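Summary of structural features
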Amino acid sequence: MAILEETVREIRKDIVKMIGKAASGHPGGSLSSAEILTLLYFEQMNVDENNPRKEDRDRFVLSKGHAAPVLYATLAAKGFFPRTELENLRQLGSMLQGHPDMNKVPGVDMSTGSLGQGISVAAGMALAGKMDNKSHKIYALLGDGELQEGLVWEAAMAASHYQLNNLIAFVDNNNLQIDGAICEVMSPFPIDAKFEAFGWNVITVEDGHDFDELRTAVEAAKKSEDKPTVIICKTVKGKCVSFMENNAGWHGKGPNAEEVKQALAELEA
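These numbers were taken from a predicted model, which means no experiment stands behind them. (Residues numbered from 1 in each chain as written. Predicted model: local features only at pLDDT ≥ 70, side-chain atom pairs only at ≥ 80, totals over all residues. Heavy atoms only, no water.)

**Quick notes on the packing of helix H1 (residues 2-22) against helix H4 (residues 68-78)**
So the rule is basically this: Here, axes are lines fitted to C-alpha atoms. For helices the fit covers the stretch in contact, and angles between N-to-C directions go from 0 to 180 degrees. Secondary structure follows DSSP: runs of H or I at least 4 residues long count as helices, runs of E at least 2 residues long count as strands, and numbering of each begins at the N terminus. With respect to orientation, any angle under 35 degrees is reported as roughly parallel, any angle over 145 as roughly antiparallel, any angle of 65 to 115 as roughly perpendicular, and every other angle as oblique. Helix crossings are classified by the rotation of the near helix relative to the far one: an anticlockwise turn of less than a right angle makes the crossing left-handed, while a clockwise turn makes it right-handed. Note on contacts: a residue pair is in contact if any heavy atoms of the two residues lie within 4.5 Å. Residues are sorted three ways: Asp, Glu, Lys and Arg are charged, Ala, Val, Leu, Ile, Met, Phe, Trp, Tyr, Cys and Pro are nonpolar, and all the rest, Gly among them, are polar.
Running from N to C, H1 and H4 point in directions that differ by 125°, and their axes come no closer than 9 Å. Here H1 lies oblique to H4, going by the angle between them. For the pair H1 and H4, the sense of crossing is right-handed. The segment H1 lies against H4, with Ile11, Asp14, Ile15, Met18 and Ile19 engaging Pro69, Val70, Tyr72, Ala73, Thr74 and Ala77. When the residues that make up the contact of H1 with H4 are grouped by side-chain class, the tally is nine nonpolar, one polar and one charged.

**Digging into the pairing of strand E3 (residues 167-173)**
Here is the rule: Residue exposure (1.4 Å probe, protein chains only): buried if accessible area is under 20% of the type maximum, exposed if over 50%, otherwise partly exposed. A pair of strands is considered paired only if DSSP assigns at least 2 bridges between the two. When the strands point away from the viewer and the connection leading from the first strand across the helix to the second strand turns clockwise, the crossover is called right-handed.
With respect to burial, E3 is a largely interior element, seven of its seven residues being buried. Covered by surrounding structure in E3 are Leu167, Ala169, Val171 and Asn173 together with Ile168, Phe170 and Asp172, the residues of both alternating faces. Note that strand E2 (residues 138-143) and E3 share six bridges and pair parallel. The residue bridging Leu142 from the neighbouring strand is Val171, located in E3. A crossover connection joins E2 to the parallel E3 through helix H6 (residues 150-161); in handedness this β-α-β unit is right-handed.

**Structural notes on the sheet that holds E3**
With parallel pairing, the five strands of this open sheet are ordered in space as E1-E2-E3-E7-E6. One side of each edge strand has no neighbouring strand; the edge strands of this open sheet are strand E1 (59-62) and strand E6 (201-205). On average, each strand axis in the sheet is inclined to that of its neighbour by 20°, with strand direction left out of account. Strand direction decides the pairing type here: E1 and E2, joined by four bridges, are parallel. Across the sheet, the residue bridging to Leu62 is Leu141, located in E2.

**Brief notes about the nonpolar core**
Nonpolar side chains in soluble globular proteins tend to end up buried together. Just so we agree on the cut-off: As used in this record, nonpolar core signifies buried Ala, Val, Leu, Ile, Met, Phe, Trp, Tyr and Cys residues forming a set joined through side-chain atoms within 4.5 Å.
Counting residues in each nonpolar core, the largest one holds 55 residues, and the members touching the most others are Tyr41, Phe60, Tyr72, Phe81, Phe170 and Ile231. Among the elements that take part in this core, H1 stands out by supplying eight residues, more than any other. Non-local contacts of Ile231, meaning those with residues more than four positions away in its chain, are made with Ile168, Ala169, Phe170, Val171, Ile203, Val205, Ala217, Val218 and Ala221. Core analysis: the next-biggest nonpolar cluster, separate from the first, contains 25 residues, Ala140, Val152, Phe195 and Val202 among them.

**Some remarks on the pattern of salt bridges**
Spelled out, the test is: Should a side-chain nitrogen of Lys or Arg be within 4 Å of a carboxyl oxygen of Asp or Glu, the pair is scored as a salt bridge.
For the coordinates displayed, the defined rule picks out 14 salt bridges. Here Arg9 makes a salt bridge to Glu6, at a shortest N to O gap of 3.7 Å. A residue pair is termed a helical-turn pair when its members lie 3 or 4 positions apart in one helix, as Arg9 and Glu6 do in helix H1 at three residues. The salt bridge partner of Lys54 is Asp56, with a shortest N-O separation of 3.9 Å.

Okay, here's the thing in structure tokens:
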């Protein structure tokens, strides 16, 4: 556990530094989902940083593609590419674009950005795995604001219909999107009841920053015999940076030099 805690701290620091240097990006939703990706890549998923395309690997799809910094920081921490590459986020010619590109970034399984499409492709990946009698899992991360996209529910319906128990989706339920509170913009609640109505196995994690709760949820999801699973994680937007926490204004802007300094000091504390 201590290793995971230290790893996620470093991932958060990298998120702040790379977005600060780029003066552009999405810190709030990257920081809120850091524990989810840390647990998956450093404990739960079958991946090999030395062979990113190995056939039997588990796949991860960042459906909320604008949170690319958390994926990049996690992949770099895992060793898929040098951490120094993080300094080039959103720079002209860099492989680390504002949204993940599977053709340029080792470890990225799907190019994403247009909300709703990631979970749709993840369902397709899971169906393909089923048809080929493969044992690997498909993991996907959605934002709660993303649930406002109709494409999400078409994917949910298909995943249930085809009994894709090899699909495990996470909802980063931090309750904020770029325009404010999700319930005010277009409420997706009740999230659990909606997925249940679509035939999914639903698990709620009360603290999406608690590794024990997340681990218990993932291990339960892996045991599903005939349903896809969604793990609804209650999180804090901008987690661990005081001036970003629960602040929709930090959905999509970069911190200045002084704000980076303050954020890093808090993360070191």
